[in-house]
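# Analysis of the macromolecular model
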Amino acid sequence: MSQILSQKIKVALIQLNGSSPNKLDNLNRAAKFIEMAMQKQPDTKIVVLPECFNSPYSVTKFREYAEVIDNKAKSQSIDFLSKIALKYGIILVGGSIPEIDPQTNKIYNTSPIFNSKGDLIDIHRKVHLFDVDIPNGITFKESETLSPGNKLTTVNTPYGNVGIGICYDMRFPELTTISARKPNNAFAMVFPSAFNTVTGPMHWHLLARSRAVDNQIYTILCSPARNLESSYHAYGHSLICNPKGEIIAEAGEGEEIIYAELDPEDIANFRQAIPLSSQRRFDLYKDISK
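Identification of the chain as CN hydrolase domain-containing protein from Arxiozyma heterogenica is taken from an unreviewed UniProt entry.

This is the structure we're talking about:
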């Protein structure tokens, strides 16, 4: 069986407060935690930051904090993250930041991904916007200021392919399935996410485990730390789930760095034991990855 993950690799999730009104403070805090992670586990290959880590997570603030995201513009956050990826020679999934498209003036919730040379190799614009109204729970409508992305994202790395989604994208299984199946062959799905204290207890662990088991890949969820002084209370509990649906690393509510080693044999062995790929009945239903 061909491996979709070429070797064992270590990943680190940075669960930090961030999201303060001071963008530079948020960036410096991220840099401090990444430095701590790399000092403690210098063999780490992939580092993930939380959703909207560099600005307040608020529909009234997205445009104010939005930046142009491309290799030429070198906006504040992109330049900052690029230098960090280069400094430590890591694949950096830069959480997500508010993005402005200078041609259309639209605002997106966007995850920038950097290679070990500091190059911006891809972006994922949040495809499914968080528009919910839960009675006695939470009302939040990203679509008041954000536009949805229009592409699915699978990023090529030296270790294999990685699918990228952002938070609410996790609830739509098609996104992960398309990344996990051929020809994309992603070995992991990474979701910078900011579930809250209502939706987190309901579905955070369930969704992580479901996406992993459905597709027999790793799922990686990176949340901001919980800050009760902010207007939005993130759930925390950043986690890494293996292809069997077992949570192999999980943070608490506060600021924390968690690590896990991803092993290609975990994927291969579980796919051999429960061979879903050869048992699917595409004569009865469509392969949504085509």
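There's more to say after this.
## Looking at helix α5 (residues 199-215)
Taking 1.5 Å per residue, 17 residues should reach 24 Å; α5 reaches 23 Å between its end C-alpha atoms and fits that length. For α5, every residue scored as buried is listed here: Thr-199, Gly-200, Trp-204, Leu-207, Ala-208, Arg-211, Ala-212 and Asn-215. Tucked inside the fold, the buried residues of α5 contact α4 (173-180), β12 (218-222), β13 (239-241) and α6 (264-273). In the segment just after α5, Gln-216 is the residue with positive phi, at about 55°.

## Some details on the pattern of salt bridges
In the structure shown here, the tally under the stated rule is 15 salt bridges. Among the salt bridges present, the one from Lys-83 reaches Asp-79, with a minimum N-O distance of 3.2 Å. Of the two residues, Lys-83 and Asp-79 both sit in helix α3 (residues 76-88), four residues apart, roughly one turn of that helix. Look at Asp-79 and you get partly exposed, because its relative accessible area is 24%. As a salt-bridge pair, Glu-99 and Arg-125 come within 2.9 Å of each other at their nearest N and O atoms. Taken together, the residues span a long stretch of sequence, with Glu-99 in strand β4 (residues 97-100) and Arg-125 in strand β6 (residues 120-125) at a distance of 26 residues.

## A closer look at α6
Restricting attention to buried positions, one finds in α6 the residues Pro-264, Ile-267, Ala-268, Phe-270 and Arg-271. Buried residues belonging to α6 abut α4, β11 (186-192), α5, β12 and β15 (256-262). The backbone nitrogen of Glu-265 lies 2.9 Å from a side-chain oxygen of the residue at the head of α6, namely Asp-263.

## Describing the nonpolar core
When a protein is soluble and globular, its nonpolar side chains tend to lie buried together. Of all hydrophobic cores here, the largest spans 44 residues; its most connected members are Ile-9, Val-48, Phe-187, Ile-220, Ile-240 and Leu-262. In terms of residue count, β11 provides more of this core than any other element does, five residues in total. Among residues more than four places away in sequence, those in contact with Ile-220 are Val-11, Leu-13, Val-48, Ala-188, Met-189, Val-190, Phe-191, Leu-239, Ile-240 and Leu-262. Of all hydrophobic cores here, the second largest spans 27 residues; its members include Leu-27, Ala-31, Ile-69 and Ile-84.

The rules behind the values
- Residues numbered from 1 in each chain as written.
- Predicted model: local features only at pLDDT ≥ 70, side-chain atom pairs only at ≥ 80, totals over all residues.
- Heavy atoms only, no water.
- Helix = DSSP H or I, 4+ residues; strand = E, 2+ residues; numbered from the N terminus.
- Expected span 1.5 Å × (residues − 1).
- Buried < 20%, exposed > 50% of the residue type's maximum accessible area, 1.4 Å probe, protein only.
- Contact = heavy atoms within 4.5 Å.
- Salt bridge = Lys/Arg side-chain N within 4 Å of Asp/Glu carboxyl O.
- Polar contact = N/O pair within 3.5 Å; in protein donor to acceptor, adjacent residues only side chain to side chain.
- Core = buried A, V, L, I, M, F, W, Y, C linked by side-chain atoms within 4.5 Å.

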